[in-house]
Amino acid sequence: MRRERERVDEMAAWCDTEVVLSVVGGKWKLLILRYLLLGTHRFGELKQALSTVTQRMLTGQLRELEEDGLVSRTVYAEVPPKVEYSLTEVGESLRGIIDQLETWGSWYREQLKNQAGDGQAHEHQAGENQTARDGCASVSAPLIETPRPND
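Residues numbered from 1 in each chain as written. Predicted model: local features only at pLDDT ≥ 70, side-chain atom pairs only at ≥ 80, totals over all residues. Heavy atoms only, no water.

**Let's talk about the side chain of H41**
To keep things clear, this is the line we draw: Secondary structure elements follow DSSP: runs of H or I of four or more residues count as helices, runs of E of two or more count as strands, with numbering from the N terminus. Burial status follows relative accessibility: with a 1.4 Å probe on protein chains alone, a residue under 20% of its type maximum counts as buried, one over 50% as exposed, and anything between as partly exposed. In protein, a polar contact means a hydrogen-donor-capable atom and an acceptor-capable atom, both N or O and within 3.5 Å, with residues adjacent in sequence counting only if both atoms are side-chain atoms; elsewhere, any N or O pair within 3.5 Å suffices.
Its place among the elements puts H41 in strand 1 (residues 41–42). By relative accessible area, which is 12% here, H41 ends up buried. A distance of 3.4 Å separates a polar side-chain atom of H41 from the backbone oxygen of G39. Within the local environment of H41, its side chain forms a polar contact with the side chain of E45, the two groups lying 3.4 Å apart.

What follows is the structure in structure tokens.
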């Protein structure tokens, strides 16, 4: 049974972070958006880029992103059917935020490496999550160079 998402317009006005998490939260949405920042893609290309996502999950996440106005779905009257996904203007507005998250992720990895060098490695660092690596494998290059946070 699928859980119904709370509507953004029904969320508490004082918690915009909750709105953000509702729209882009979860394991796959930011990775989908990040890949679509590179351009328009067909479903199969998205599935290949995010190799460990199931078809059902990818379909659901794309539908939610479309419902929230971040992704546009274009269906061409062809046989076999051709469907393309691209970012809307609202989706494109997340570029800077996604770039900053990418930069922070890189900075954080460096922090973990530095701690490991000091003999303070975190348990989860040694067994990095293969799923997370697979999800980023096809789009590992930074989209825009942004300054790193200070140490």
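Text resumes after the structure shown.
**Some points on helix 2 (residues 29–36)**
With respect to burial, helix 2 is a largely interior element, seven of its eight residues being buried. Residues of helix 2 that are buried include every one of K29, L31, I32, L33, R34, Y35 and L36, and no others.

**Thoughts on the sheet that holds strand 1**
Under the convention used in this document: The criterion for strand pairing is that DSSP finds at least two bridges linking the strands in question. Note on contacts: a residue pair qualifies if any of its non-hydrogen atoms lie within 4.5 Å across the two residues. Note on method: axes are straight lines fitted to C-alpha atoms, helices fitted across the in-contact stretch only, with angles between N-to-C directions ranging 0 to 180 degrees.
Taken together, three strands build an open sheet; the order of strands is 1-3-2 and the sheet is antiparallel. The open sheet is flanked by strand 1 and strand 2 (71–76), the only strands paired with a single partner. Taken together, the six bridges between strand 2 and strand 3 (residues 82–87) define a ladder with antiparallel strand orientation. Note on strand 3: the bridge partner recorded for S72 is S86. Against the sheet, helix 2 makes contact with strand 1, strand 2 and strand 3, and its axis sits at roughly 95° relative to strand 3, the strand it touches most.

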